[in-house]
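# Results of the structural survey
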Number of protein chains: 2
Amino acid sequence: MIAEQYKAMLQGKSVIRQLAEWSTARGAEIGYENVFDYSLGNPSVPCPAHFTEVCRRLLAEQEPVALHGYSPTLTLPAVRAAVADSLNRRFGMHYTKDHLFMTSGAAGALAHALRCVAVPGQKILTFAPFFPEYKPYVEGAGLTLSVVPPRCEDFQIDFAAAESLLDETTAAVLINTPNNPSGAAYSADTLERLAALLRRKSAEYGHHIFLISDEPYREIVFGGAAIQYPARFYEDTLTCYSFSKSLSLPGERIGYVAVNPACEDAEFIVPMCGQISRGTGHNCPASLIQLAVAECLDETSDLSVYETNMELIYAELKRLGFTVVKPGGTFYIFPKALEENAAAFCEKAKKYDLALVPGDSFGCPGYFRMAYCIDTDKVRRSFAALRAFVAAEYP
Amino acid sequence: MIAEQYKAMLQGKSVIRQLAEWSTARGAEIGYENVFDYSLGNPSVPCPAHFTEVCRRLLAEQEPVALHGYSPTLTLPAVRAAVADSLNRRFGMHYTKDHLFMTSGAAGALAHALRCVAVPGQKILTFAPFFPEYKPYVEGAGLTLSVVPPRCEDFQIDFAAAESLLDETTAAVLINTPNNPSGAAYSADTLERLAALLRRKSAEYGHHIFLISDEPYREIVFGGAAIQYPARFYEDTLTCYSFSKSLSLPGERIGYVAVNPACEDAEFIVPMCGQISRGTGHNCPASLIQLAVAECLDETSDLSVYETNMELIYAELKRLGFTVVKPGGTFYIFPKALEENAAAFCEKAKKYDLALVPGDSFGCPGYFRMAYCIDTDKVRRSFAALRAFVAAEYP
């Protein structure tokens, strides 16, 4: 008999995916170049040429039996060591390979991190607006997602609200900075206050509350700002990373968990990840991809287009009278809709061939997300549609 | 606080892994070429040159943004269609892409299949001897593994024992043919009898009992025998496959679940796999690897060395007086130890630089496994050690 739990999930289609399907269908009618598709967070710039070269060299020069052979349970040691070195160089950390576990992207990293520090029945606290997939990730581990309401003026943290939701059953706090969908990058002040709160509550409850920091947009920060590395602020931090955005490799499913050497039981966590993999069925990312990213750790794709697009869109939205926080990073912006019902707002936008995602599924009704990982030319061309939409529907 | 469940698992190290580590350590002392390492099932022949060529061509010719872009939730449609076509051609099935879901190897395939057709608390029936990882795979899905005792004369199925263990809580039966560790390939007669039993019991209990068929060794069959495809015998079958052995790509983590179009609710199962991935955190195998295997579906590595090795080892074991069933496939053989305690037997073998795995963790005490995916020359050289071991310890 098939499992009703998953069959039932088939009803609840992702709003983002549905909108992306609408964009594709509309594109078939009028030409996709005429659909202003701000739905999906799919990188629009190619990976560095060096990544391709490394793959081709590995394929040409390595013995296939070794190149494609099983990774050890804890993933390839040389790759783990290279990632540790890169993080140490960049953020002044003290990782060794024993603190690194390579995963199938950030989804894989979160699946492991959650199971390492929480047991079924416990609570994971996150902050609205949040990536909607956090719900299945957290619930898939038998945990409950508890959501702190958004601080809409700057999308930093509402600490009074966070404190009121933290309790003894809270195993970990899950943050995402820079943030999907708001584009907000947590300031040093926010991270310091969060660390202080978690230390105080850990002491009060007599157990360590972990910080799980999901950082796939770490390398996409704007205005030349310094990257704030959350594990620098709080010892009990598991950093979850994906190369999907920084190297434009979302389909290759490659990321990692980095365990702060100063965290509780730091030496056990990577071996535990190896055990967790046995139960969930993903034993290591692809070996070719592990080896290739290890040679591109301090590189990124040319990410400048995202900042260019952000500046154009932000200025246009302000001109049109939107309430909008200027993103500190990512390729998202999260303005307030022009009516209370963001779903209705986004539905009307479709008449103007604009694909905008309502904020409800991000835990932030009344707002909408634009993913501007698209050509700058298309961004520019979309403004006429945006103006027509606003003028006609919200005169 | 870290999760004690996984921390506790760190104690229970795999016997196979420990033995492999011993082989490596011993190799550092006397040269690895002098350690007769029959511990690990790691393919010893390279992938087809065509696979390497396809990877290099894809990297050279495809747009990186498309090549490395996100796969859809249900994995790449063209790849799924190609796998369906290949299985239809080879086994007379009627799959379409909607019955195929690409996974991270067989481990990923089993993780999805188990969750599709069983809910926490239910029982999965398998047959000794069995691959020890079935236990964490099954328990990781919240299920219980129930093991039918072995039929040691030929390692086919003891149907009386199977029937006595099947009950209303049994959601699925998990088979592995050709079998790790015994090398037995189930005969058409065995598969027909199994199908008849499952149909009768499904009717009796009023729910479909699924067959999960784990087939990573499908392409390694000996003596020119025809491959028996279990889904041909039983409609409610989910076939789990890995290219690890057939294409010698274990590190690339690529396989699939194939849903028999005639099974209960066939149209829901692949979409359910997409939902299951969200909770377990592995969203698709690497896109480059998906695309590359899709062009190599009807190929294999040169697998003939495994049969050569099998014939040599089987003859030598018979000469030395071992009780041993001749393998029908795989790169394993599973003889009876020369004393009741197979662990003690294998421990003594180490004195002769022979790495043999005791059968206890395979659910078959008193036997031992030899993985002969090694050079034929080494197989030949190992016989002096084997003879010395038997002569000295079991005169």
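Computed from a predicted model, the values in this text were never measured in an experiment. (Residues numbered from 1 in each chain as written. Chains lettered and ligands numbered in written order. Predicted model: local features only at pLDDT ≥ 70, side-chain atom pairs only at ≥ 80, totals over all residues.)

## A word on the overall build of chain A
Broken down by element type, chain A carries 14 helices and 12 strands. A globule of 395 residues ought to have a C-alpha radius of gyration of about 21 Å, and chain A, at 21 Å, matches this closely. With the C-alpha coordinates aligned to their principal axes, the bounding extent of chain A is approximately 60 × 55 × 55 Å. The 395 residues of chain A split such that 53% are buried. The long-range share in chain A, meaning contacts at least 24 apart out of those at least 6 apart in sequence, stands at 73%. (Helix = DSSP H or I, 4+ residues; strand = E, 2+ residues; numbered from the N terminus. Rg over C-alpha atoms; globule rule 2.2 N^0.38 Å. Buried ≥ 20, exposed ≤ 12 C-beta atoms within 10 Å, placed from the backbone. Contact = placed C-beta atoms within 7 Å.)

## A short note on the domain arrangement of chain A
One frequently used descriptor of interface size is the decrease in accessible area upon assembly of the parts. Residue and element names in this part refer to chain A. Per the domain assignment, the segments of chain A are domain 1 (4-47 + 301-393) and domain 2 (50-293). Contacts between the two partners involve 28 residues from domain 1 and, on the opposite side, 30 residues from domain 2. At the level of elements, helix H12 (304-319) and strand E9 (332-333) are the ones that each hand at least two residues to the side of domain 1 that touches domain 2. Sorting elements by how many residues they give to the side of domain 1 that touches domain 2 places H12 first, with three residues. Looking at the side of domain 1 that touches domain 2 residue by residue, the class counts come to 16 nonpolar, 10 polar and two charged. (Domains from an automatic or database assignment. Nonpolar A, V, L, I, M, F, W, Y, C, P; charged D, E, K, R; others polar.)

## With respect to the packing of helix H6 (residues 105-117) of chain A against helix H10 (residues 266-280) of chain A
How two helices pack is summed up by the angle between their axes together with the distance between the axes. Residues and elements named next belong to chain A. H10 packs onto H6 with a crossing angle of 110° between their chain directions and a minimal axis gap of 9 Å. What the angle tells us is that H6 and H10 run roughly perpendicular. The two elements H6 and H10 cross, and the hand of that crossing is right-handed. Packed against H6, whose contacting residues are Ala111, His112, Arg115 and Cys116, the element H10 presents Ile269, Met272, Cys273, Ile276 and Thr280 at the interface. A breakdown of the residues in the contact of H6 with H10 according to their chemical character gives six nonpolar, two polar and one charged. (Axes fitted to C-alpha atoms, helices over the stretch in contact; angles between N-to-C directions. Parallel < 35°, antiparallel > 145°, perpendicular 65-115°, else oblique. Left-handed = near helix turned anticlockwise from the far one by under 90°.)

## Quick word on helix H2 (residues 15-30) of chain A
All names here are of chain A. Compared with the 22 Å implied by 1.5 Å per residue over 16 residues, the 22 Å span of H2 between its first and last C-alpha is a close match. Taken residue by residue, H2 has Ile16, Leu19 and Ser23 as its buried positions. The buried side chains of H2 occupy one side of the element, clustering within an arc of 60° when seen end-on. Opposite the packed face of H2, turned more than 90 degrees from it, sit the exposed residues Gln18, Ala25, Ala28 and Glu29. Those residues of H2 hidden inside the fold are in contact with strand E1 (36-37), strand E10 (354-355) and strand E11 (357-358). Positive backbone phi, approximately 90°, marks Gly31, located one or two places after H2. (Expected span 1.5 Å × (residues − 1). Arc of directions from axis to C-beta.)

## Considerations on the environment of Leu110 of chain B
Relative to the helices and strands, Leu110 of chain B is located in helix H6 (residues 105-117). Sequence separation of Leu110 of chain B and Tyr137 of chain B is 27 residues, and the distance between their C-alpha atoms is 7.4 Å. Not counting residues within four places of it along the chain, the set of residues in contact with Leu110 of chain B comprises Gly281 of chain A together with Tyr137, Ile212, Asp214 and Cys240 of chain B.

## Quick word on the sheet that holds strand E5 (residues 170-176) of chain B
Strand pairing in a sheet relies on backbone hydrogen bonds. The paired strands run either parallel or antiparallel. Residue and element names in this part refer to chain B. The mixed open sheet is built from seven strands, whose spatial order is E2-E8-E7-E6-E5-E3-E4. Two strands in the sheet have a free side with no partner beyond their single neighbour: strand E2 (100-103) and strand E4 (144-148). Taking each pair of neighbouring strands and ignoring which way they run, the sheet shows an average axis angle of 20°. Pairing of E5 with strand E6 (residues 210-214) involves five bridges; the strand directions are parallel. Counted as the bridge partner of Ile175 is Ser213 from E6. Relative to the sheet, H6 contacts E2, strand E3 (123-127), E5, E6, strand E7 (237-242) and strand E8 (255-259), its axis offset from that of E7 by approximately 160°. Packing against the sheet, helix H10 (residues 266-280) makes contact with E2 and E8, and its axis sits at approximately 155° to E8. (Pairing = 2+ DSSP bridges.)

## Side note on the sheet that holds strand E5 (residues 170-176) of chain A
All names here are of chain A. Strand order across the open sheet formed by seven strands is E2-E8-E7-E6-E5-E3-E4, with mixed pairing between neighbours. Bordering the open sheet on either side are strand E2 (100-103) and strand E4 (144-148), each of which pairs with just one other strand. In this sheet, adjacent strand axes meet at a mean angle of 20° when their direction is disregarded. Packing of H6 onto the sheet brings it into contact with E2, strand E3 (123-127), E5, strand E6 (210-214), strand E7 (237-242) and strand E8 (255-259), and relative to E7 it is tilted by some 160°.

## Considering helix H3 (residues 49-61) of chain B
With 13 residues, H3 of chain B ought to run about 18 Å at 1.5 Å a step, and its terminal C-alpha atoms sit 18 Å apart, in line with that. Those residues of H3 of chain B that fall on the buried side of the exposure criterion are Phe51, Cys55 and Leu59 of chain B. One side of H3 of chain B holds all its buried residues, which, seen down the axis, span an arc of 70°. Residues Ala49, Ala60 and Glu61 of chain B are exposed on H3 of chain B and point more than 90 degrees away from its buried face. Elements that come into contact with the buried residues of H3 of chain B comprise helix H3 (49-61) of chain A together with helix H11 (287-293) of chain B.

## Observations regarding the interface of chain A and chain B
Counting residues at the interface gives 65 residues for chain A, matched by 66 residues for chain B. Looking at the side of chain A that touches chain B, the elements with two or more residues in it are helix H1 (4-9), H3, helix H4 (64-67), H6, helix H7 (134-140), H10 and helix H11 (287-293) of chain A. Here the side of chain A that touches chain B takes nine residues from H10 of chain A, the largest share from any one element. Of the residues assigned to the side of chain A that touches chain B, the class counts are 33 nonpolar, 22 polar and 10 charged.

## Focus: unusual backbone geometry
Here the bond from Ala128 of chain B into Pro129 of chain B is cis, since omega is -5°, no more than 30 degrees from zero. Mapped onto the secondary structure, Pro129 of chain B falls in the loop between E3 and helix H7 (134-140). With an omega dihedral of -10°, the bond running from Thr177 of chain B to Pro178 of chain B counts as a cis peptide bond. Mapping Pro178 of chain B onto the fold places it in the loop between E5 and helix H9 (188-205). Of note, Ser248 of chain A is a non-glycine position whose phi angle comes to about 55°, a positive value. Along the chain, Ser248 of chain A turns up in the loop between E7 and E8. The exposure class of Ser248 of chain A is buried, given the 26 C-beta atoms found within 10 Å.

## Things to note about the relation of the copies chain A and chain B
For the pair chain A and chain B, the best superposition has an RMSD of 0.0 Å and corresponds to a rotation of 180° with a translation of 0.0 Å parallel to the axis. The transformation relating the two chain copies, once decomposed into turn and shift, fits a two-fold axis. Take the interface residues of chain A: 100% of them recur as interface residues in chain B, which is what a same-surface contact looks like. (Least-squares fit on C-alpha atoms with pLDDT ≥ 70 in both.)

## Here's the deal with the confidence of the model for chain A
Confidence in the prediction for chain A averages 96 pLDDT; 100% of positions are at 70 or higher. Among the prediction metrics, the complex's ipTM stands at 0.96, with pTM recorded as 0.96. (pLDDT = per-residue confidence, 0-100.)

## Structural notes on the pairing of E2 of chain A
Of the pairings in the sheet, the one linking E2 of chain A to E8 of chain A comprises four bridges and is antiparallel in character. Following the sheet pairing, Thr103 of chain A is matched in E8 of chain A by Gly255 of chain A.

## Quick notes on the packing of H3 of chain A against H3 of chain B
Axis separation between H3 of chain A and H3 of chain B bottoms out at 10 Å; the angle between their running directions is 165°. Taken together, the axes of H3 of chain A and H3 of chain B lie roughly antiparallel to each other. The handedness of the crossing between H3 of chain A and H3 of chain B comes out as left-handed. When H3 of chain A is examined against H3 of chain B, the residues Thr52, Cys55, Arg56 and Leu59 of chain A are found in contact with a partner set consisting of Thr52, Cys55, Arg56 and Leu59 of chain B. Grouping the amino acids of the contact of H3 of chain A with H3 of chain B by side-chain chemistry returns four nonpolar, two polar and two charged.

## Section: the nonpolar core
With 257 residues, the main nonpolar core has Tyr372 of chain A together with Tyr372 of chain B as its most contacted residues. Tyr372 of chain A has contacts with Tyr38, Tyr306, Asn309, Met310, Ile313, Phe331, Ile333 and Val379 of chain A, leaving out every residue within four places of it along the chain. (Core = buried A, V, L, I, M, F, W, Y, C linked by C-beta atoms within 7 Å.)

## Looking at the environment of Val83 of chain A
Residue and element names in this part refer to chain A. With respect to the secondary-structure elements, Val83 resides in helix H5 (residues 77-91). Here the alpha-carbon distance between Val83 and Gly363, two residues 280 residues apart in the chain, equals 33 Å. With residues up to four places along the chain from it excluded, the contact list for Val83 reads Leu100, Tyr256 and Leu297.

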